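Commentary on secondary and tertiary structure
One letter stands for each residue in the lines below.
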Amino acid sequence: MNRNIGVKEHISQKVLSIESINQRVRNMEYAVRGPIPAKAEELKLKLLDPEGSNLPFKKTVFCNIGNPQELGQKPVTFLRQVSALSELPELLTKENRNLISNIFNSDVIERAEKIQKMAGGSVGAYSDDAGIFGIRKSVAEFIQKRDGFPSDPSKIQLTNGSTGSIERTLELIISNENVGIMIPIPQYPLYSASITRLGAKSVYYYLEESKGWGVDTSRLLENLKEARNRGIDVRAIVIINPGNPTGSILTLENMKDIISICEKEKLVILADEVYQTNVYMVDDFPFHSFKKVISEMKSNVELFSFHSISKGMFGECGKRGGYMEMYNIDQNVMDQLTKMATVSLCPNVPGQIALETMVNPPREGDESYQQFKAEIDEIHNSLKRRCIKLQKAFNEQVNITCNPAQGAMYLFPQIKLPQRFITETINKNKVPDVEYCIEMLETTGVCVVPGSGFEQEIGTYHFRCTFLPQEDEFDEFIKTFSEFNTKFMERWN
Ligand SMILES: Cc1ncc(COP(=O)(O)O)c(C=O)c1O
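No experiment lies behind these values; they were computed from the predicted model shown.

**As for the overall build of the protein**
A count of helical and extended segments in the protein gives 17 helices and 15 strands. Relative to a compact globule of 493 residues, whose C-alpha radius of gyration would be 23 Å, the protein shows 23 Å and is just as compact. Reported as C-alpha extents along the three principal axes, the dimensions of the protein are approximately 70 × 60 × 60 Å. Classification of the 493 residues of the protein by burial places 53% in the buried group. Sequence-distant contacts in the protein: of pairs separated by 6 or more residues, those separated by 24 or more amount to 72%. When the accessible surface of the protein is totalled, it reaches about 22,600 Å², and 51% of it is carbon and sulfur. Between the mean site of the 57 positive side-chain charges and the mean site of the 64 negative ones, the protein shows a separation of 2 Å.

Structure representation (structure tokens):
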């Protein structure tokens, strides 16, 4: 990837120049929002003016990022109603009670009132630095119900999206340039980007495509040993489950093996579980949280686990709600994390409110329950249908193989690119999967992310595609892609 895209060649007279700024920031890469999505944005604007009529498509489709509401997913009513009422306190006064009772269910009103109280009377005030205590309590109850093991609200921090938790944890762990963090290949590039920014080393382990993207633990051990032999102080491992970009779910056995390795090799686990409810083959591939498995094993492995309102069925990416749970972490270390939370004042309160509705949804018998359940089931079932359909469409292409997505929001098909295309592209100093994805965008308006943005086994090429376009657009989307790929292959073979 060309990390200096957009950098103008000139000598700057300013104090801040591209050379004088923090070079770690300059070196950071984030393909999900890199040059290809930037190009897609340009094309989207072009479609609005007369020039756009020359383009071979009528619409840009952003399949580069797991941002469901951008692609038409409707917000969950309960969440938005509670948020709306919490934001406008006049609506909760006695005088307006009759008025709002005509519009909102009683459980929505009760929840908004409870949130007002928990927030100390106004959601416009800074909250507790680690997030409103009552909401942290709801998170702990949610975890306890999910896993069957106790969870302690004082060991939970709410943050701006799970990104806030992940960045905070990495900053805590990375004490010097020699620290290594194990991250999967392929990985979600927040990790490699943050590790670069914080000046540490990414140490790769591999997800095995031929084994449904599971972790080959003996290979992982080799990678760890090799990094330690090079003098790297490998301290932690990131595990994304369900996987992004792979869509895979780890088996219980695989998780136990990983935990045993971490125990023996003294590795802290960073469990990224933001897709924990995006599970589509639940009988064969259920989700298990690391907290639960570590508890069952009575292991003392140190764990940070992350969750978010951006994914699952809520897809509230813009509200920036998330949390982390700390387990088996030394109290002195947690105190430092508390200090970090204090310095950032507090996570945004609207995001916390949304999180409260996710971890503490309407229960059977509550007035909003039926509608809530119907909305969640519909989103879940539709995602499942779309994921199966897209995987089938990819596998129908002669040059594409695609593992099923057991979870998450993505497929990560492998494309066999023609050798002549690979050679010519590399000779031009370009990256084959990037060029394939650019051509896909320019021909079809569909924006995906090349596999090289997530790292991939050398000599293989992939792209990541969300299955988030709405169902009524899906057939057209698949048809356009298939036509593009067939013509591409005919041209280069
Ligand atoms: C695996 C994974 N972790 C974390 C995040 C960050 O999400 P957020 O900060 O919106 O919670 C994402 C976003 O796509 C993701 O895919």
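**Some thoughts on the domain arrangement of the protein**
Split into domains, the protein comes out as domain 1 (23-71 + 375-492) and domain 2 (133-359). Centre-to-centre, using C-alpha coordinates, domain 1 lies 27 Å away from domain 2. Both sides together, the interface formed by domain 1 and domain 2 hides about 3,300 Å², and carbon and sulfur atoms give 57% of it. Counting across the interface, domain 1 meets domain 2 through two salt bridges. Its salt-bridge partner being R24, residue E177 comes within 3.5 Å of it at the nearest N-O pair. The dominant element in the side of domain 1 that touches domain 2, judged by the number of residues it contributes, is helix α14 (residues 369-395), at six residues. Taken together, the residues of the side of domain 1 that touches domain 2 break down into 19 nonpolar, 12 polar and six charged.

**Things to note about the packing of helix α15 (residues 419-427) against helix α17 (residues 471-492)**
Between α15 and α17, the shortest axis-to-axis distance is 8 Å and the interhelical angle comes to 80 degrees. Classified by the angle between their axes, α15 and α17 sit roughly perpendicular to one another. Every residue of α17 that contacts α15 at R420, F421 and E424 is listed here: F488, R491 and W492.

**A look at the site of the ligand**
As a matter of local geometry, the ligand sits amid 15 residues, with T163, D272, Y275, S308 and S310 nearest to it. One of the side-chain N or O atoms of N244 is found 2.7 Å from an oxygen atom in the ligand. Measuring from an oxygen atom of the ligand, one finds a side-chain N or O atom of Y275 at 2.6 Å. Top contributing element to the shell around the ligand by residue count: helix α7 (residues 161-173), with four residues. The residue inventory of the shell around the ligand, partitioned by class, reads six nonpolar, six polar and three charged.

**Details of the sheet that holds strand β14 (residues 449-450)**
Strand order in the open sheet made by the three strands is β11-β15-β14, with antiparallel pairing throughout. The sheet terminates laterally at β11 (410-411) and β14, the two strands that pair on one side only. As paired strands, β14 and strand β15 (residues 463-466) are joined by two bridges and run antiparallel to one another. Within β15, the position partnered with V449 by the bridge is R464.

**A short note on the sheet that holds strand β3 (residues 179-185)**
Paired through backbone hydrogen bonds, the strands of a sheet run either parallel or antiparallel to each other. Pairing is mixed across the open sheet formed by eight strands, whose spatial order is β2-β9-β8-β7-β6-β3-β4-β5. A strand with exactly one partner marks an edge of an open sheet, and here the two such strands are β2 (156-160) and β5 (214-215). Where strand β6 (residues 233-240) meets strand β7 (residues 268-272), five bridges bridge the pair, whose relative direction is parallel. By the bridge assignment, I240 is partnered in β7 with D272. Contacting β2, β8 (303-308) and β9 (321-327), helix α6 (residues 133-147) crosses the sheet at an angle of about 110 degrees to β2.

**Description of α7**
An ideal rise of 1.5 Å per residue puts 18 Å on 13 residues; α7 measures up with 19 Å between its terminal C-alpha atoms. Residues G161, S162, S165, I166, R168, T169, L170 and I173 constitute the buried set of α7.

**Topic: the environment of I269**
Relative to the helices and strands, I269 resides in strand β7. For I269, a relative accessible area of 0% corresponds to the buried category. Those residues in contact with I269, other than ones at most four positions away along the chain, are I237, I239, I259, C262, F290, I294, V301, E302, L303 and F304.

**Let's talk about the UniProt feature "domain: Aminotransferase class I/classII large" (unreviewed entry) in the protein**
As annotated by UniProt and renumbered to match this structure, "domain: Aminotransferase class I/classII large" (unreviewed entry) occupies residues 101-479. For residues 101-479, the helix share is 44%, the strand share is 16%, and the end-to-end C-alpha distance is 47 Å.

**A word on unusual backbone geometry**
In this structure, P186 follows I185 across a cis peptide bond, with omega equal to -5 degrees. Of the consecutive residues N244 and P245, the connecting peptide bond is found in the cis state with omega at 15 degrees. Tracing the sequence through the fold places P245 in the loop between β6 and α10 (252-265). Positioned with a positive phi, L345 is a non-glycine residue whose angle comes to about 70 degrees. Assignment of secondary structure puts L345 in the loop between α12 (331-343) and α13 (349-359). Among the residues examined, L345 registers a relative accessible area of 42% and is labelled partly exposed. Although it is not a glycine, E455 sits at a positive phi angle of roughly 70 degrees. Tracing the sequence through the fold places E455 in the loop between β14 and β15.

**Quick word on the nonpolar core**
Nonpolar side chains in soluble globular proteins tend to be buried together. The biggest cluster of nonpolar side chains holds 84 residues, and the ones touching the most others in it are L390, F394, Y436, F463, F467 and F477. Taken domain by domain, this core gets at least three of its residues from each of domain 1 (23-71 + 375-492) and domain 2 (133-359). Non-local contacts of L390, meaning those with residues more than four positions away in its chain, are made with L411, C465, T466, F467, F474, F477 and I478. Grouped together as the second largest cluster of nonpolar side chains are 30 residues, I259, I261, L267 and V293 included.

**Quick word on the pairing of β8**
Where burial is concerned, most of β8 is hidden: six out of the six residues are buried. Burial along β8 is two-sided: L303, S305 and H307 and F304, F306 and S308, pointing in opposite directions, are all buried. Examined bridge by bridge, β7 and β8 share four bridges and lie parallel to one another. Considered in β8, the bridge of L270 is made with F304.

The rules behind the values
Residues numbered from 1 in each chain as written. Predicted model: local features only at pLDDT ≥ 70, side-chain atom pairs only at ≥ 80, totals over all residues. Heavy atoms only, no water. Helix = DSSP H or I, 4+ residues; strand = E, 2+ residues; numbered from the N terminus. Rg over C-alpha atoms; globule rule 2.2 N^0.38 Å. Buried < 20%, exposed > 50% of the residue type's maximum accessible area, 1.4 Å probe, protein only. Contact = heavy atoms within 4.5 Å. Areas by Shrake-Rupley, 256 points an atom, 1.4 Å probe, with all protein chains shown as cover. Lys, Arg positive; Asp, Glu negative; His and termini not counted. Charge placed at Lys NZ, Arg CZ, Asp CG, Glu CD. Domains from an automatic or database assignment. Buried area = accessible area lost by both parts, 1.4 Å probe. Salt bridge = Lys/Arg side-chain N within 4 Å of Asp/Glu carboxyl O. Nonpolar A, V, L, I, M, F, W, Y, C, P; charged D, E, K, R; others polar. Axes fitted to C-alpha atoms, helices over the stretch in contact; angles between N-to-C directions. Parallel < 35°, antiparallel > 145°, perpendicular 65-115°, else oblique. Near = heavy atom within 4 Å. Polar contact = N/O pair within 3.5 Å; in protein donor to acceptor, adjacent residues only side chain to side chain. Pairing = 2+ DSSP bridges. Expected span 1.5 Å × (residues − 1). UniProt positions renumbered as here; feature names shortened; annotations may be inferred. Core = buried A, V, L, I, M, F, W, Y, C linked by side-chain atoms within 4.5 Å.

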